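Notes for the structure review
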Amino acid sequence: MSLNRADFLAGLSVAGLLLPEAVAYSSIANLQPQHAIFAAVAGLLIYSLLGRSRFAIVSPTSSSAAILAAAVGAVTLDTGAASAEPLAYGAVILTGLFFLIAGFARLGFLANFISRPVLRGFAFGLAITIVVSQLPHMANVHVPSGDPFHVLLHLAQVAANWNWPSILTGAASLAALVLLKRIPAVPAAFLVLVGAILVSLLVDLKSYGVDLVGHIDAKPDMPSLPHLTLTTWAHLARVAAPLFLIVYAESWGSMRNLALRHGDTLDANLELRALGFANAASGLVHGMPVGAGFSGSSANDTAGAQSRLSGFVAGIAIIIFMVFAGDLIALLPTPVLAAVVISALFHALEPAPLIRLWKIDRDQYVAVAAALAVMMLGVLNGMLVAVALSLLAILQRLSQPRIDMLGRLGDSHDFVDCARHPDVIPDPHILVLRPARQLFFANAEAIMNQVAKLAKANSTTRAVILSLEETVDVDSTALDALAEGEAQLQRMQRRLYLARVKEETRDTFSRAGDLDLISPARCFWSVADAFDAAAAQVKTDMAAPKTARGAG
């Protein structure tokens, strides 16, 4: 790769966005600003060397900062640690280790375990939580930390102590950010940062009760492991695992969306490894967790980036700025940083994705539950609940024993759902059924019981065809349920045929020794072939008594 003008300009633009955001996100993580800057530089440089997404900007994100703060707080309570900072660096290093293990073990599919509705609900609830947590910084008052409802309550109770110059500073900055973001390729956060510093140089804001960031010790630390006991490392591993999951889900979502938009291809396992090295490096230099955030990556795309070199340029630009103008950051008003955080989260507060779920009547309750879990149970517990909701949503959907009744479409080989095609008349002697879900341990017995009920309800039924087109393979529970279902149908004098049976399912039956059900006379590749075989057998069975009476 060679540096071109587009990447150079995009990198400068991204650096202007990331610098104020990184400083702002450090307050969410309860760390000094320099630790977010170290993380941004490490993430940008490492990913530009090892990653493959042309547009991903790997740096601190608001969600990872909030989860880190919650995780470190939980471990501090459990271990009674005197200082939280070493715990934070240890958690980041372990997060990187989890990324590396997952990458080398080719576990890129893990992001699929957090469904998009749950991720959207989680992001929405987290955005509300973070935005509300910034309001006391805007008003320059201290309120106890907690869920957003209690923070708002305490904020209202100390309304008499609100500092209005601080509120006006934050509100003006937020308004400027909103207006500037409407202009494409303009580094709104950087311009607001520069404007706020100029105001701070001209006006003694501290005399009006407006807090400033203060001196930032931007001298990088030598890479080192924090001095922690094995017990503490074990506690950190427990909270680093969910941190890894949410950073990966957020990063992969951003990377994949931009790749699809531009026709690029990505290897999830390679991206896991790149993110692993980036987080491990960030933790070793005492930085925060890093991931491919939506705002930074989208800004990089909008700014016209052509390759990963834009991220490399952004990392170098941040270093240069901190070396030559780092003292100016000390003059940055705290409410301006709060405005930067709130502005960066506007995209997560967009209700359209949640409204769409209500419109299509799918997964809306899961998304709302995820949002409420984050707001009411805290970031860490809420995220664990969100992951559990993703898995429960999968099991709930797969376990529903819905069965479609099929009928032949005219004289064709096609069999369609009778409920959707009222002109299709099913055969009175042959019941053709199709489970709408994969057969597995949570639904197999219920499905086979429902098959037996449908067969018993129709006294003229002589044969039952079960189309297993939705089933790739069967586990031992499904295997047993099919055998037990066949025995139950035999007692009712109904013969069972299987159709659309995959190779893996046939292999499982063979290994189990259940060869009769997958014999060529009862197991077919198509529903039409199974129907023809069943019709011939039914005709023979119904003719047998007449032949016997004629012979007598």
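1. Topic: the sheet that holds strand 3 (residues 403–408)
- Ordered by their spatial adjacency, six strands build an open sheet running 4-3-5-6-7-8, and the pairing between neighbours is mixed. Each having just a single partner strand, strand 4 (415–417) and strand 8 (523–524) make up the two edges of the open sheet.
- In the sheet, strand 6 (residues 463–467) pairs with strand 7 (residues 495–499) via five bridges, with the strands oriented parallel. Residue pairing in the sheet places isoleucine 465 in a bridge with tyrosine 497 of strand 7.

2. Some thoughts on the environment of glutamine 32
- Its place among the elements puts glutamine 32 in the loop between helix 1 (5–28) and helix 2 (33–50).
- Placed 353 residues apart in sequence, glutamine 32 and valine 385 show a C-alpha to C-alpha distance of 30 Å.
- When near neighbours in sequence (up to four residues on either side) are disregarded, glutamine 32 contacts Ser26 and Glu85.

3. Some points on helix 11 (residues 294–302)
- Buried within helix 11 we find Gly296, Ser297, Ser298, Asn300 and Asp301.
- Buried-residue contacts for helix 11 involve helix 1, helix 9 (230–262), strand 2 (291–292) and helix 12 (309–329).
- Positive phi appears at glycine 304, one or two residues downstream of helix 11, with a value of about 95 degrees.

4. Looking at the pairing of strand 6
- In terms of burial, strand 6 is a largely internal element, five of the five residues being buried.
- Alternating residues of strand 6 divide into Ala463, Ile465 and Ser467 and Val464 and Leu466, and every residue in both groups is buried.
- In the sheet, strand 5 (residues 430–435) pairs with strand 6 via four bridges, with the strands oriented parallel. If you follow isoleucine 430 over to strand 6, its bridge partner there is alanine 463.
- Regarding topology, helix 17 (residues 444–457) serves as the crossover connection from strand 5 to the parallel strand 6, and that connection is right-handed.
- Handedness of the strand 6-helix 18 (residues 476–491)-strand 7 crossover: right-handed.

Criteria and thresholds
- Residues numbered from 1 in each chain as written.
- Predicted model: local features only at pLDDT ≥ 70, side-chain atom pairs only at ≥ 80, totals over all residues.
- Heavy atoms only, no water.
- Pairing = 2+ DSSP bridges.
- Helix = DSSP H or I, 4+ residues; strand = E, 2+ residues; numbered from the N terminus.
- Contact = heavy atoms within 4.5 Å.
- Buried < 20%, exposed > 50% of the residue type's maximum accessible area, 1.4 Å probe, protein only.
- Right-handed = clockwise from strand over helix to strand, strands pointing away.

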